[in-house]
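Structure at a glance
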Amino acid sequence: MSTENLPQSPEQPSRKPRVAVVFGGRSSEHGISVVTAGAVLKAVDRTKYDVLPIGITQDGRWALTADEPERMAITERRTPNVEELAESAEGAVVLPVDPANREVVYSEPGSVPKALGEVDVVFPVLHGPYGEDGTLQGLLELSGVPYVGAGVLASAVGQDKEYMKRVFTSFGLKVGPYVVIRPREWARDEAAARKKIVDFAGEHGWPLFVKPARAGSSIGITKVDDLSGLDEAIAAAQAHDPKILVEAALRGREIECGVLEFEDGPRASVPAEIPPPDTHAYYDFEAKYIDSTPGLVPAPLTPEETAEVQRLAVDAFEAASCEGLVRADFFLTEDGEFVINEINTMPGFTPISMYPQMWQASGVGYPELVDRLIQAALRRPTGLR
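Now for a description of the structure that goes with this document. Worth saying up front: this structure is predicted, and the values here are computed from it rather than measured. (Residues numbered from 1 in each chain as written. Predicted model: local features only at pLDDT ≥ 70, side-chain atom pairs only at ≥ 80, totals over all residues. Heavy atoms only, no water.)

**Focus: the sheet that holds strand S7 (residues 121-124)**
Taking strand neighbours across the sheet as the criterion, the four strands line up as S3-S2-S1-S7 in an open arrangement whose pairing is mixed. With partners counted over all chains shown, the strands left at the sheet margins are strand S3 (62-64) and S7, one partner each. Strand-to-strand twist in this sheet, taken as the mean axis angle between neighbours without regard to direction, amounts to 30 degrees. Both strand S1 (residues 18-24) and strand S2 (residues 50-56) contribute to a ladder of seven bridges, which runs parallel. Counted as the bridge partner of Phe23 is Gly55 from S2. (Pairing = 2+ DSSP bridges. Helix = DSSP H or I, 4+ residues; strand = E, 2+ residues; numbered from the N terminus. Axes fitted to C-alpha atoms, helices over the stretch in contact; angles between N-to-C directions.)

If you want it as structure tokens, here you go:
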């Protein structure tokens, strides 16, 4: 039978992929995550993607938020928060837990739940615990939703500075001297734990850097010049994480390098140098985000040094089984050796952050950077890979 004269069904227009930008969260880096989200929302190509902004409040509620990036900036030295951006003080967004259904639902008390449509990919711009540490990534794996950035294991390794250093060491990357104080160790015998740090200082000298083992954005870090400042530094770190890391100071230049996943694999950006800030003891939270201490992009390195740090950055990316993006931070010591300090699997991503600046200098502008990360996530399956 000929179908030539039968009415034809009109072709359905193809739907643009919907990107859920998830930000905020329960960690002490909540405000910087909101600032990052604002920059990403501005940069996403709206002709190519539909966007759904979802904020996680500081008490863990998933909120539908206004798509208003201009409200997500640092103003008067103050970072924004999700509570100010939420459409409702009680409404909640619920992600699907069935891999066969990617429909996101919004509900408010006393109202009929409202379907917000399917989500094709999540761009999680959360920093710190409960977002960058593998917890959110595990939820998205269960839901079968692709997402930007590292998977569960790499996110967890990238968040815990102790195990990050252990992984790097096992792959032959050089790390600086450190000692870890775990929560049970501190609870069992504070005096013995403190002595462990003092003995470490006796071996490696002062100053020491005392920091939360599982936090970022330089929050909770103290440079300790002598024994008199140790207890206060420990308390400052434990306010963010009961597990603390103590590092010996390394003499050298601070060098950073970005890694981005391309179609043919990870590539390194031109490196940057973080010069010692004039008004801060070191490159702390205020120097990074409030006073915007400028870095040198590209770093004034020899061609050989540039090639070496780029190689090491990709090696670190591969060692931790990362995906999407990483910022790798190094010290170039006085004897010319690169020592890796840490990686960030979701680094600061505002336009003034070093990661986008390094890629801008490498020929990948901010909008293209965001697009490449989304496309890399859409190419990858969820589950074991």
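**Some details on the pattern of salt bridges**
Throughout the structure, instances matching the rule amount to 31 salt bridges. Lys48 serves as the salt-bridge partner of Asp371, at 3.1 Å between the closest nitrogen and oxygen. Remark: Lys48 occurs in the loop between helix H1 (30-43) and S2 and Asp371 occurs in helix H12 (residues 366-379); sequence separation between them is 323 residues. Residue Lys48 is classed as partly exposed on the basis of its relative accessible area of 36%. Salt bridges here are not isolated pairs; linked through shared partners, they connect Glu141, Glu261, Glu323, Arg380 and Arg385. (Salt bridge = Lys/Arg side-chain N within 4 Å of Asp/Glu carboxyl O. Buried < 20%, exposed > 50% of the residue type's maximum accessible area, 1.4 Å probe, protein only.)

**Some remarks on unusual backbone geometry**
Geometrically, the link from Trp206 to Pro207 is a cis peptide bond, its omega value of 0 degrees lying close to zero. Positionally, Pro207 belongs in the loop between helix H7 (190-204) and strand S9 (208-212). Here Val297 and Pro298 are connected by a cis peptide whose omega angle stands at -5 degrees. Counting through the fold element by element, Pro298 comes out in the loop between helix H9 (285-290) and helix H10 (303-319). One non-glycine residue, Tyr130, lies in the positive phi region at around 65 degrees. Tracing the backbone shows Tyr130 in the loop between S7 and helix H3 (135-143). Of note, the phi angle at Ser321 is positive, near 60 degrees, even though the residue is not glycine.

**Focus: the side chain of Asn344**
Among the secondary structure elements, Asn344 is positioned in strand S16 (residues 338-344). Within the structure, the side chain of Asn344 is placed 3.1 Å from the side chain of Glu342, a separation counted as a polar contact. Not counting residues up to four positions away in its chain, the partners in contact with Asn344 are Glu132, Leu325, Val326, Arg327 and Asp329. (Polar contact = N/O pair within 3.5 Å; in protein donor to acceptor, adjacent residues only side chain to side chain. Contact = heavy atoms within 4.5 Å.)

**A short note on helix H5 (residues 161-170)**
Looking only at H5, the buried set comprises Lys161, Glu162, Met164, Lys165, Val167 and Phe168. The elements touched by buried residues of H5 are helix H4 (152-159), strand S8 (178-181), S9, strand S11 (244-248), H10 and S16. If you check the start of H5, you find a side-chain oxygen 3.1 Å away from the backbone N of Glu162, and it comes from Asp160. Once H5 finishes, Gly172 follows within two positions and takes phi at roughly 85 degrees, a positive value.

**Some points on the nonpolar core**
Of all hydrophobic cores here, the largest spans 35 residues; its most connected members are Val21, Phe23, Val40, Phe123, Phe349 and Val370. Elements represented by at least two residues in this core include exactly S1, H1, helix H2 (82-85), S7, strand S12 (252-262), helix H11 (354-361) and H12. Residues from two domains meet in this core; each of domain 1 (18-147) and domain 2 (158-174 + 251-363) gives at least three. (Core = buried A, V, L, I, M, F, W, Y, C linked by side-chain atoms within 4.5 Å. Domains from an automatic or database assignment.)

Remember, this is a structural readout, not a statement about activity or role.
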